[in-house]
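So the chains spell out like this:
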Amino acid sequence: MQLTICLALASCSIQLKIPDVVDDRVRELVRSEAARIVEVSEDRENFAKYQFFLSDFPRQDLLGMSVGDRRIYISYKLAARALNHTGSLWLLRQTIAHEIAHETADHANQKVLGWFTGGNFSFGSSGQNVGLPWYVRLYNYPTEKELEADRIGLEYWKRLGWDCQIWVRILESFQNQQYQGDIYHPTDRRLQQALDVCDSAETKNP
């Protein structure tokens, strides 16, 4: 989801650590699911370099964040629910696949001319949404990068033999709950793309 954390109008080398939760049982679930996804990705040789953190994000609809260098934050509430709830487990798998896709696509390093010109990245929400001070701003991946992460994530699902219609139903449930996403994660565009990808996959494999 979001990318690099910097103080607005200050050096982008200044980085702060997002608060994380220590829960070995939940973290092991996240790592085991991530291991399956990375194994079918282009980065399969580098799973040991991945770091997964659990965060109790104040913003409730924030489920995951890729911050570069194979560092991924996952919503603690989502991952904890996934231990005992099948629907939450599939949402966790979708979230992990999406964030890993940001890493394998190297989105974090595609920032030439983008920091303050609106090229590849733009200022997003306040750091308060992830448990950081109010004066910290988040740089967001643009919408096209978010959609690309969905496409790549769906490809990983296909390689794992997971039903892409589950991904579709997750997004449909967002719409049914009147959740429209935000400008970087528009539910309607994400859903339409997932439908197109699934239809294409089913046409190739009737």
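Residues numbered from 1 in each chain as written. Predicted model: local features only at pLDDT ≥ 70, side-chain atom pairs only at ≥ 80, totals over all residues. Heavy atoms only, no water.

Draft legend 1. Expanded view of the environment of Pro142. Of note, Pro142 is situated in the loop between β6 (136-140) and α4 (143-160). Pro142 sits in the partly exposed class, given a relative accessible area of 23%. When the C-alpha atoms of Pro142 and Ile183 are compared, they prove to be 8.7 Å apart, with 41 residues separating the residues in sequence. (Helix = DSSP H or I, 4+ residues; strand = E, 2+ residues; numbered from the N terminus. Buried < 20%, exposed > 50% of the residue type's maximum accessible area, 1.4 Å probe, protein only.)

Draft legend 2. Structural context of the confidence of the model for the chain. Confidence along the chain averages 83 in pLDDT terms, with 78% of residues attaining 70 or more. The spread of mean pLDDT over the elements of the chain runs between strand β1 (residues 2-7), the lowest at 39, and helix α1 (residues 24-39), the highest at 98. In the model, residues 1-14 has pLDDT below 50 throughout and makes 59 contacts with residues more than four positions away in sequence or in other chains. (pLDDT = per-residue confidence, 0-100. Contact = heavy atoms within 4.5 Å.)

Draft legend 3. Focus on unusual backbone geometry. A positive phi is found at Asp69, a non-glycine position, where the angle reads about 55 degrees. Positive phi values are uncommon outside glycine, yet Asp106 reaches one of about 60 degrees. Structurally, the position occupied by Asp106 is in the loop between α3 (86-104) and β5 (122-126). Residue class for Asp106 comes out partly exposed when judged on its relative accessible area of 37%.

Draft legend 4. Here's a closer look at the packing of α3 against α4. One way to put it is that α3 packs onto α4 with a least axis distance of 8 Å and a crossing angle of 115 degrees. Here α4 runs roughly perpendicular to α3, going by the angle between their axes. Crossing angle aside, the handedness with which α3 passes α4 is right-handed. Of the residues in α4, those touching α3 at Trp90, Arg93, Gln94, Ala97, His98, Ile100, Ala101, His102 and Thr104 are Lys145, Glu146, Ala149, Asp150, Ile152, Gly153, Tyr156 and Trp157. Broken down by class, the residue content of the contact of α3 with α4 amounts to eight nonpolar, five polar and four charged. (Axes fitted to C-alpha atoms, helices over the stretch in contact; angles between N-to-C directions. Parallel < 35°, antiparallel > 145°, perpendicular 65-115°, else oblique. Left-handed = near helix turned anticlockwise from the far one by under 90°. Nonpolar A, V, L, I, M, F, W, Y, C, P; charged D, E, K, R; others polar.)

Draft legend 5. Representation of the pairing of strand β2 (residues 51-55) within the structure. With four of five residues buried, β2 lies mostly within the body of the structure. Where β2 lies against strand β4 (residues 71-75), five bridges are found, and the strand directions are parallel. Within β4, the residue paired with Leu54 across the bridge is Ile74. (Pairing = 2+ DSSP bridges.)

Draft legend 6. Quick look at the sheet that holds β4. Pairing within the open sheet is mixed, and its three strands lie in the order β2-β4-β3. Edge positions in the open sheet fall to β2 and β3 (64-66), since each of these has one partner strand only. For this sheet the average axis-to-axis angle between neighbouring strands, irrespective of direction, equals 20 degrees. Two elements, β3 and β4, share three bridges in a ladder whose sense is antiparallel. Among the inter-strand pairings, Gly64 is bridged to a residue of β4, identified as Ile74. Across the sheet, α1 lies against β2 and β4, angled at about 135 degrees from β2, the strand it touches most. Its contacts with the sheet place α3 against β3 and β4, and it is angled at close to 160 degrees to β4.

Draft legend 7. The pattern of salt bridges, seen in detail. Tallied over the full model, the rule gives 12 salt bridges. For the salt bridge of Arg36 with Glu33, the shortest nitrogen-to-oxygen distance reads 3.5 Å. With Arg36 and Glu33 both in helix α1, this residue pair falls three residues apart, about one helical turn. For Arg36, a relative accessible area of 36% translates into the label partly exposed. Residue class for Glu33 comes out buried when judged on its relative accessible area of 6%. (Salt bridge = Lys/Arg side-chain N within 4 Å of Asp/Glu carboxyl O.)

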